[in-house]
Amino acid sequence: MRNPGVWWRGKSTPAKVETYTRWSFHFFAVIEIAGIGLPVVGQLGALFAGWALLAVCAHSVCCALTASRALDWTRGTRDRPVRLLWALGALTVLITVGAVVLTEHGSGGHEAESAAAMLSVTVPAFGVGTIALGIRDWQRAFALVMGAAAGVGGLVFLAGVPGPAALGAAGAELVVGGILVSTSVLSLWLLNTVYALDEARETRTRLAVAEERLRFGRDLHDVMGRNLAVIALKSELAVQLARRGRPEAVDQMIEVQRIAQESQREVREVVRGYREADLGSELAGAQGVLTAAGIDCRISGSAPGLPPQVQSPLGWVVREATTNVLRHGNAGRCAVSLRVAEGRVTLTVENDGVPDGAQDEGSGSELRRGSGLVGLRERLTEVGGVLRAGPVGGGVFRLTAVVALPVAVGEAVASAASVSPVADFSERDPDGGWLPAPAPAPAPAPAPVSEVTS
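Just so we're clear, the structure is a prediction, and the values are computed from it rather than from any experiment.

Taken across its nine residues, strand β2 (residues 333-341) has seven buried, putting it largely inside the fold. Alignment of strand β1 (residues 296-300) against β2, held across five bridges, turns out to be parallel. Considered in β2, the bridge of Ile299 is made with Val336. Bridge count for β2 against strand β3 (residues 344-351) is eight bridges, and the pairing is antiparallel. Counterpart to Leu338 in the pairing with β3 is Leu347.

What follows is the structure in structure tokens.
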């Protein structure tokens, strides 16, 4: 059986909001039965109690089914449930009319009349609250509430109830129905807003990718455009000279060969610069992207003088870890730590959003889904590094990359960089946030350097 916690964490934020909204309206059906249907059984006489309970149960089931279909229509996965909306409206009117008639013409005494009066107000309130889910225009939804209040007041007055009592019934219907319709309208607005924000984030990601492609294309155009034009011109000149038997054609082709070799070199430099990731830039970019996504990001540690062959794979680790935090988890906080010690550079990324399907680290398995981590391991293996990734308990996911430094560079960097602790999410502050674990005492030999802290 699937773990409910894993099932819930595996959902995206919009899917969680939709699930919460859907089951909230399903719970309204339970409230209607427990709060209205069951109490009236003990107040109505034996003749009407069973029928009243059956009517309330049928109405609540119809409300739950209509709410589910209406939410599907809102998300665009199903057609508008017009027949269900009309059926719910008709059932609501029938129960209301029966309750009003029972209020004045029943023979169960004062308690039976009070129970019937409660049915005549609450049942239409739940009905219009559910029907509002199938109406896009909130003005029409509140107009429906006013119509229901006027209808209840008119029915009660026509049944022989004095004017002040009928006006009180209409006011009660207006208040209760208004609350339920407001809940429906606000729930739909929140659900649509969350999906719109998620689509905007996806659009922003696609725009960032498109912008990077344009930058790469622009760089290639700048490098190759002029050189290809010169190659074409000199090739044409060489052809003309060769046709005339001029020896200068050989010189022109030699020049074409030289320009082509120079173009190859320049293209390799552009591609190399595109593939190599600067660690400092990636850390700053990760902080900006995660902060913009509403994730509290803290970066600690700085190691000046790292060689490019170490910075590039670690930069890719930061880039991939940031992508995983945004796409595969539901993190609220993320901590990135960089430290240099004993000739090694250790980069640790922790977040409190464990991806779907992740197993405990105690089982000895790591997260193997997707190709991102496989690519990172390949990059780190080329420079003698290792990568570990997996949940560490408490809903925290940790990714650690360790790269060995060259001996000379390692001694120089270690002598200039301090070890910065990784933020630990095992302790919570009184407000529900995370408190970093106490930092260990720094070693007396290394001299502290500036840290990037957010």
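Still to come is the rest of the account.
Glancing now at the confidence of the model for the protein chain. Predicted confidence across the protein chain gives a mean pLDDT of 77, with 77% of residues reaching 70 or more. The least confident element of the protein chain is strand β6 (residues 427-428), whose mean pLDDT is 42; the most confident is β3, at 91. For residues 408-454, every residue scores under 50 in pLDDT, and the model assigns this stretch 81 contacts once sequence neighbours within four places are set aside.

Another point: empty space enclosed by the protein. On inspection of all chains with the given rule, the structure shows two cavities of 30 Å³ or more. Around the largest cavity, the lining comprises 13 residues; the ones closest to its centre are Phe25, Phe28, Phe126, Gly129 and Thr130. Mapped onto the lining of the largest cavity, the elements with two or more residues apiece are α2 (13-43), α3 (46-74), α5 (109-131) and α7 (163-243). Each residue belonging to the lining of the largest cavity can be placed in one class, and the counts come to nine nonpolar, three polar and one charged. Along its surface, the second largest cavity is lined by Ala286, Leu290, Val318, Ala321, Thr322, Val325, Cys334, Val336 and Val349. Here the lining of the second largest cavity gets four residues from one element, more than from any other, and that element is helix α10 (residues 308-328).

Within this structure, the stated rule accounts for 10 salt bridges. One salt bridge in this structure joins Asp72 and Arg22, with 3.0 Å as the shortest N-O distance. With a gap of 50 residues between them, Asp72 in helix α3 and Arg22 in helix α2 connect regions that are remote in the sequence. Residue classification places Asp72 among the buried positions, given a relative accessible area of 12%. Because the salt bridges share partners, they merge into one network encompassing Glu18, Arg22, Asp72 and Arg78.

Criteria and thresholds
- Residues numbered from 1 in each chain as written.
- Predicted model: local features only at pLDDT ≥ 70, side-chain atom pairs only at ≥ 80, totals over all residues.
- Heavy atoms only, no water.
- Buried < 20%, exposed > 50% of the residue type's maximum accessible area, 1.4 Å probe, protein only.
- Helix = DSSP H or I, 4+ residues; strand = E, 2+ residues; numbered from the N terminus.
- Pairing = 2+ DSSP bridges.
- pLDDT = per-residue confidence, 0-100.
- Contact = heavy atoms within 4.5 Å.
- 1 Å grid on protein atoms, 1.4 Å probe; cavity = no way out; pocket = protein on both sides within 12 Å on 5 of 7 lines; lining within 4 Å.
- Points joined across faces, edges and corners; volume = space filled by probe spheres on them.
- Nonpolar A, V, L, I, M, F, W, Y, C, P; charged D, E, K, R; others polar.
- Salt bridge = Lys/Arg side-chain N within 4 Å of Asp/Glu carboxyl O.

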